[in-house]
Amino acid sequence: MPGIEISSPRTLVRPFEPGDAPELFACISPEITRFMAWEPPRTPDAFEEVWRNWIPSIEDLSDLHLVARDRKDGRCLGIVGVHALQSRKPELGIWLRRDVHGQGYGRELVGSVAAWASNHFPVRYFEYPVAEENVASRRIAEAFGGRIAERRTNPKYRSVVYHIPPVADASL
């Protein structure tokens, strides 16, 4: 969707466009999908089948797949998702390229996107599902006041679902 650009101190975030696909595909690895419900696409063509389904939901603002880029050099950092955006209980998700893990980008990006959504949509709370073992992602939810509201099991792992209140300021 034109016009969405979310900035944070180190990043710029905007909706996915087809030109982002090669860089995103290069960032996907088994390490980052370990705690994802989906399996990584094996080829660029398989990834195209995935991202082509994103375009209509981005255009109608039902689901946003937002590409995160480093503000200094423009390199692709990963994706932040806001799903069921119109529901008052949108779901947040994030995956980042392996070489930027542990540098605070997850918290910065989730915070800036949640603050943007909180300021543009009537959010009651955000759902943030995360694998029980994914301590780093759990800390992101907890940094923004997230509380465990539910537990789920899927074929790859057990997860908890945090409810995160609307975010007014992402500068935690």
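Details of the structure are given in the entry above.
Residues numbered from 1 in each chain as written. Predicted model: local features only at pLDDT ≥ 70, side-chain atom pairs only at ≥ 80, totals over all residues. Heavy atoms only, no water.

1. Description of the pairing of strand S6 (residues 126–131)
Right, so step 1: With five of six residues buried, S6 is to be regarded as a mostly interior element.
Right, so step 2: The pairing of S6 with strand S8 (residues 158–164) spans six bridges and is classified as antiparallel. Bridging across to S8, valine 130 finds its partner in valine 160. (Buried < 20%, exposed > 50% of the residue type's maximum accessible area, 1.4 Å probe, protein only. Helix = DSSP H or I, 4+ residues; strand = E, 2+ residues; numbered from the N terminus. Pairing = 2+ DSSP bridges.)

2. Re the pattern of salt bridges
Right, so step 1: Enumeration over the complete set of coordinates arrives at 13 salt bridges.
Right, so step 2: Of the charged contacts in the structure, one is a salt bridge between arginine 10 and glutamate 108, with a shortest N-O distance of 2.7 Å. One end of the pair, arginine 10, is in the loop between strand S1 (6–7) and strand S2 (11–15); the other, glutamate 108, is in helix H5 (residues 105–120), with 98 residues separating them in the sequence.
Right, so step 3: With relative accessibility at 13%, the residue glutamate 108 sits in the buried group. (Salt bridge = Lys/Arg side-chain N within 4 Å of Asp/Glu carboxyl O.)

3. A word on the pairing of S8
Right, so step 1: When you tally the buried positions in S8, you get five out of seven residues, the bulk of the element.
Right, so step 2: In this sheet, S8 lies alongside strand S7 (residues 147–153) in antiparallel orientation, the contact comprising six bridges. Bridge assignment links isoleucine 148 to a residue of S8, and that residue is tyrosine 162.
Right, so step 3: Counting the residues between successive antiparallel strands, the hairpin from S7 to S8 contains four residues.

4. Focus: the nonpolar core
Right, so step 1: Formed by 50 residues in total, the largest nonpolar core has its most connected members in Leu64, Leu66, Leu92, Tyr128 and Ile164.
Right, so step 2: If you tally residues by element for this core, the top one is H5, at eight residues.
Right, so step 3: Excluding anything up to four places from it in sequence, leucine 92 contacts Gly81, Val82, Val110, Val113, Ala114, Phe126, Glu127, Tyr128, Pro129 and Ile164. (Core = buried A, V, L, I, M, F, W, Y, C linked by side-chain atoms within 4.5 Å. Contact = heavy atoms within 4.5 Å.)

5. Let's talk about unusual backbone geometry
Right, so step 1: Unlike most non-glycine residues, leucine 61 shows phi in positive territory, near 60°.
Right, so step 2: Within the secondary structure, leucine 61 is located in the loop between helix H4 (54–59) and strand S3 (63–70).
Right, so step 3: Of note in this structure, arginine 88 is not a glycine but carries a positive phi near 75°.
Right, so step 4: If you trace the backbone, arginine 88 turns up in the loop between strand S4 (76–83) and strand S5 (91–96).
Right, so step 5: A relative accessible area of 42% means that arginine 88 is categorised as partly exposed.

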